[in-house]
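Chain and residue survey
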Amino acid sequence: MPSVCLHFHVHQPRWLKHYTFFDINHDHVYEDADRNLHILNKLSEKCYIPANNIMLKLIKKYKGNFRIAFSVTGILLDQFEKLRADVLDGFKRIADTGCAEFVNETYYHSLAFLFSAREFKEQVMLHKKKIKALFGQTPKTFRHTELMYDGNLTKIIEKMGYNVILARGADKVLGWRSPGHVYQPAGCKKLKLLFRNHRLSDDITVRFSDSKCTEYPLTAAKYAHWIHRINDIGDDVINLFMDYETLGEHQKKGTGIFAFIRELPREILKHAEFRFQTPSEVAGEYEPAAQLDLTNLISQADTERDLSAWLGNTLQKDAINTLYGMESKVRSRKDGRLLNTWRMLQASDHFYYMHTGWPADGDGQKDFNPYGSPYDAYINYMNIIDDFSGFLGKKRGV
Amino acid sequence: MFGWEFPPHVSGGLGTACFGITKALAGLGHKIIFAIPKVLGDAGQSHVEFISASEVPIKKKHRKEFKVFKGLDIRLIDSYLKPYLSKSQYESLLRGRVVKLPAHEKARSEMREETWESVILEISAHYGPNLVAEVVRYAKVAGTIAESQSFDVIHAHDWMTILAGLYAREVSKKPLVLHIHSLEFDRSGEHINRDIFFIERYGIVSADHIIAVSHYTKNMIVSRYGVDPDKISVVHNAVSRTEASNIYHVGKSTDKKIVLFLGRITFQKGPDYFVEAAAKVLKKLPEVTFVMAGAGDMMPRMIERVAELGIGKNFHFTGFLHGTEVEQIFTMSDLYVMPSVSEPFGISPLEAMIYDIPVIISRQSGVAEILNHALKVDFWDVDDIANKIIAILRYPVLVAEIVEKTRDELRSIRWEYAAEKIVEVYERVLH
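Note that this is a predicted model, so its numbers are computed, not measured.

On to the overall build of chain B. Within chain B one finds 17 helices and twelve strands. Residues classed as buried in chain B amount to 49% of the 431 residues present. Across chain B, contacts joining residues at least 24 apart in sequence account for 73% of those joining residues at least 6 apart.

Counting its secondary structure elements, chain A contains 17 helices and twelve strands. Relative to the compact-globule value of 21 Å for 398 residues, chain A shows a C-alpha radius of gyration of 21 Å, a close match. Along the first, second and third principal axes, the C-alpha atoms of chain A reach 65 × 45 × 45 Å. In chain A, the proportion of contacts linking residues at least 24 apart, taken out of those at least 6 apart, comes to 76%.

Bringing the packing of helix 12 (residues 314-324) of chain A against helix 17 (residues 374-393) of chain A into the picture now. All names here are of chain A. As a packed pair, helix 12 and helix 17 sit with axes 10 Å apart at the nearest point and diverge in direction by 15 degrees. Comparing the axis directions of helix 12 and helix 17 gives the class roughly parallel. The handedness of the crossing between helix 12 and helix 17 is left-handed. Residues Leu315, Ala319, Thr322 and Leu323 of helix 12 pack against Pro374, Tyr378, Tyr381, Met382 and Ile385 of helix 17. Residue composition of the contact of helix 12 with helix 17, by class: eight nonpolar, one polar and no charged.

Further remarks concern the interface of chain A and chain B. Listed per partner, the contact involves 15 residues of chain A and 17 residues of chain B. Listing elements by their share of the side of chain A that touches chain B, those giving two or more residues are helix 12, helix 16 (358-361) and helix 17 of chain A. The greatest single-element share of the side of chain A that touches chain B, amounting to four residues, is contributed by helix 17 of chain A. Looking at the side of chain A that touches chain B residue by residue, the class counts come to nine nonpolar, five polar and one charged.

When pLDDT is low, close inspection of the predicted coordinates is not appropriate. Residues and elements named next belong to chain A. Per-residue pLDDT for chain A averages 91, and the proportion of residues at 70 or more is 93%. Note that residues 300-304 has pLDDT below 50 and, in this model, seven contacts with residues that lie over four places away or in other chains. This model gives residues 359-366 a pLDDT under 50, and the stretch forms three contacts once residues within four places in sequence are excluded.

What follows is about the pairing of strand 9 (residues 315-319) of chain B. Two faces make up the sheet, and in a regular strand the side chains alternate between them. Residues and elements named next belong to chain B. Across four bridges, the pairing between strand 8 (residues 289-293) and strand 9 is parallel. Looking at the pairing, Ala293 lines up with Gly319 of strand 9. Between the parallel elements strand 8 and strand 9, the chain passes through helix 12 (residues 299-309) in a crossover that is right-handed.

Turning next to the sheet that holds strand 4 (residues 176-180) of chain B. Residue and element names in this part refer to chain B. Across the sheet, which stays open at both edges, the four strands sit in the order 3-4-5-6 with parallel pairing between neighbours. Bordering the open sheet on either side are strand 3 (154-157) and strand 6 (232-234), each of which pairs with just one other strand. Averaged over all adjacent pairs, the angle separating strand axes in this sheet is 25 degrees, with direction ignored.

The subject of this paragraph is the domain arrangement of chain A. By a widespread convention, an interface's size corresponds to the accessible area lost as its parts come together. All names here are of chain A. Each assigned domain of chain A is listed here: domain 1 (3-292) and domain 2 (304-393). Here domain 1 and domain 2 have C-alpha centroids that lie 24 Å from each other. The partner domain 2 presents 21 residues to the 25 residues of domain 1 that form the contact. Split into classes, the residues belonging to the side of domain 1 that touches domain 2 amount to 13 nonpolar, eight polar and four charged.

All right, on to the pairing of strand 7 (residues 258-262) of chain B then. Residue and element names in this part refer to chain B. Buried residues dominate strand 7, accounting for four of its five residues. In this sheet, strand 8 lies alongside strand 7 in parallel orientation, the contact comprising five bridges. The residue of strand 8 that forms the bridge with Val259 is Phe290. On the question of chirality, the crossover connecting strand 7 to the parallel strand 8 by way of helix 11 (residues 271-284) is right-handed. With two bridges connecting them, strand 7 and strand 10 (residues 335-338) associate as parallel partners. Bridge pairing in strand 10 places Leu260 opposite Tyr336.

Once that is clear, we can look at the nonpolar core. Soluble, globular proteins show a tendency: their nonpolar side chains are buried together. With 231 residues, the main nonpolar core has A:Phe70, A:Ile165, A:Tyr378, B:Leu335, B:Val337 and B:Ile389 as its most contacted residues. The biggest single contributor to this core is helix 17 of chain A, with nine residues. Contact partners of B:Ile389, with chain neighbours within four places excluded, come to B:Val259, B:Ala277, B:Val281, B:Leu335, B:Val337 and B:Ile360.

Moving on, we come to the sheet that holds strand 12 (residues 375-377) of chain B. Residues and elements named next belong to chain B. Taken in spatial order, the six strands of this open sheet run 9-8-7-10-11-12, and their pairing is parallel. Each edge of the open sheet is held by one strand with a lone partner, namely strand 9 and strand 12. Between one strand and the next, the sheet's axes are offset by a mean angle of 20 degrees, whatever the strand orientation. Across the face of the sheet, helix 11 comes into contact with strand 7, strand 8, strand 9 and strand 10 while running at roughly 170 degrees to strand 8. Contacts from helix 13 (residues 323-332) reach strand 7, strand 8 and strand 9 within the one sheet, and its direction differs from that of strand 7 by about 145 degrees.

Another point: the environment of A:Phe351. All names here are of chain A. Tracing the backbone through its elements, the reader meets Phe351 in helix 15 (residues 348-352). Separated by 92 residues in the primary sequence, Phe351 and Ala259 have C-alpha atoms spaced 35 Å apart. If we skip the residues at most four places from it in the chain, Phe351 touches Trp310, Leu311, Gln316, Ala319 and Ile320.

Moving on, we get to the packing of helix 7 (residues 159-172) of chain B against helix 9 (residues 194-206) of chain B. All names here are of chain B. Helix 9 packs onto helix 7 with a crossing angle of 45 degrees between their chain directions and a minimal axis gap of 9 Å. Of the possible angle classes, the one that applies to helix 7 and helix 9 is oblique. Judged by the sense of rotation from one axis to the other, the crossing of helix 7 with helix 9 is left-handed. Facing Trp159, Ile162, Leu163 and Leu166 of helix 7, the residues of helix 9 in contact are Ile196, Ile199, Glu200, Gly203 and Ser206. Looking at the contact of helix 7 with helix 9 residue by residue, the classes come out as six nonpolar, two polar and one charged.

Conventions we followed
Residues numbered from 1 in each chain as written. Chains lettered and ligands numbered in written order. Predicted model: local features only at pLDDT ≥ 70, side-chain atom pairs only at ≥ 80, totals over all residues. Helix = DSSP H or I, 4+ residues; strand = E, 2+ residues; numbered from the N terminus. Buried ≥ 20, exposed ≤ 12 C-beta atoms within 10 Å, placed from the backbone. Contact = placed C-beta atoms within 7 Å. Rg over C-alpha atoms; globule rule 2.2 N^0.38 Å. Axes fitted to C-alpha atoms, helices over the stretch in contact; angles between N-to-C directions. Parallel < 35°, antiparallel > 145°, perpendicular 65-115°, else oblique. Left-handed = near helix turned anticlockwise from the far one by under 90°. Nonpolar A, V, L, I, M, F, W, Y, C, P; charged D, E, K, R; others polar. pLDDT = per-residue confidence, 0-100. Pairing = 2+ DSSP bridges. Right-handed = clockwise from strand over helix to strand, strands pointing away. Domains from an automatic or database assignment. Core = buried A, V, L, I, M, F, W, Y, C linked by C-beta atoms within 7 Å.

This is the structure in structure tokens:
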């Protein structure tokens, strides 16, 4: 009985202010609150509220046979709590059905794992507590920022009590193997690996509204048919991992994405052998098809391979090293607000905007960058870091 | 080919561009006859080369030979015309201080019979006929080259050679390609010289095909001159590196940073924004030196403003710089800033990049279209310009990343590629 594992990542980068050198030592508020509120409201109306309503209806309609997983970053949960209780309420009602699993990650959508084991663990625990408090679940599934994974990470995660880790499928790890099985990192006894099925996930996230695609327009029936085909090749699981914002934002309402999602469970469940399962359920059900060696997949020294978009150039490395270089100073101040500010600055998005590789890559996919240029992103960020560093050095209460 | 200037006698980007284009075309096996005005009457020049209370010595033009190469045949045509005329220069020209040549009057009387010339004279009555008559006279003299030579295409550069190009076309019946490096709207903003605008429009409408140095310029031609976009091809300029390649990293002082403005000190180049940004930077980083290299009608005002702001100690004017002096100032500088108000292309940032200098360029420029690894600003946003200047001076990692990525980028910016596109245009007008 093959499983469809549908996981939505819910995150919004928090924008920093346009922060010039002349603001240093004058302005210690770094976020663009107005803009962030505007974006939050826009996404709530376009995506979160309609998507939550659909999910809730589908769960009720299929009486336990439609099951999904969410990973909502801590910083977004904070914003929902403060500014959009209605959206948070939607997630809570979904959690109450017992058909949704909430997945644990770093609270601040950070890459702390590469720079500070202590900071990494603290952020994971913070997020865990938040999930428990809001949704009444103790998470058993972990997902690292950008679906990153490696041997060290999986060992630590297993020790922290998790059963499953969600991962970005990579040819160099999987080789000839299919992402349609459950795997285990070498050296782990309990932890299982679920790999994202890139082709089928991107059929929705990237190609859904691409009219140049041979399969356009994509209907739920057609897509379900592709899913059902995996029965022939003996796969156990299809991991569809995508951003929740795909529904209504990346794929606008007019593309028919909501109708597609509404019909998808019916079409998939038409085949009696198929069912929806959450990551924990998948991991509980299947034995690992193989143990995979994940040593040195990523490391701080060699980030080019997996994290080049975040830590590939000298700007990104300089910015992130400067940030984590402040850790002991930040902690010694024992000031919750300072610690929070420092953590906000850890969001991987800030470093992604400093990515200089893409203009030359020629893949034509120019990612959205609020700064217009990676250099502007770096300058803005470094000006803020400069101010924060100066502020840290000052006596308390100043 | 009709041009204004040619190295080493260069006062702006056009001469540099003509050198790059002709050399690359010659490299592809094409033969070029290049006609340029030879400025007459050194004595009468001071009223045109406008440098006043600036205390900067006026340098006499070195009368060197032109840089020539195989495939290039240079023809000099005596003329009073100077490529970059500012508003105040027009005024002095129009006040009749130009020494009249006998040929002048003759040209004027001859003109009445000719159709295109009388059109031009009629529409340009506003400022009086002196300047325009001279352009027409130059056109006819230059155009006579067309009678004695054999060629396939006429290629004219900018407004002053438009009439020469048209005349040559009339005589030879060969197609005319008009290459627009800058427009009257770029040079003068909204206070255009109507005569020049009319000549430009006449040429743009009449030419068989237009080459624009950027999409920025193409869009301006379409919107301001009402021309079908299909008639305009964009060919971005490039930069020659052979001259500069062996001068990397010389004489850069580590503790005293130098920020450079290099170009004509005219409205178009935005020197005032550079001065205002300098004052802001100096409030935060008092050790920085700012250099404004070049000459132009706004120079006295800039000097006054620098004095007013009290930043003279850190702000230097060099006057007009020649070949080796330009190289020298590039090797000394840590940052090049081009805050142009309207820059059809802008080759000098590319030259700075060859010297491994990071550049800040205005978004209102054609060169911004082809550079991914330059910092970009809106020319009016003095705070942003200052902020970025400080960032370059304070964050060495930023400079390293930009310089490294720039070297890659420069590899794809070559005159050879520009020449190939120009040849495509030639083929288009020939078929």
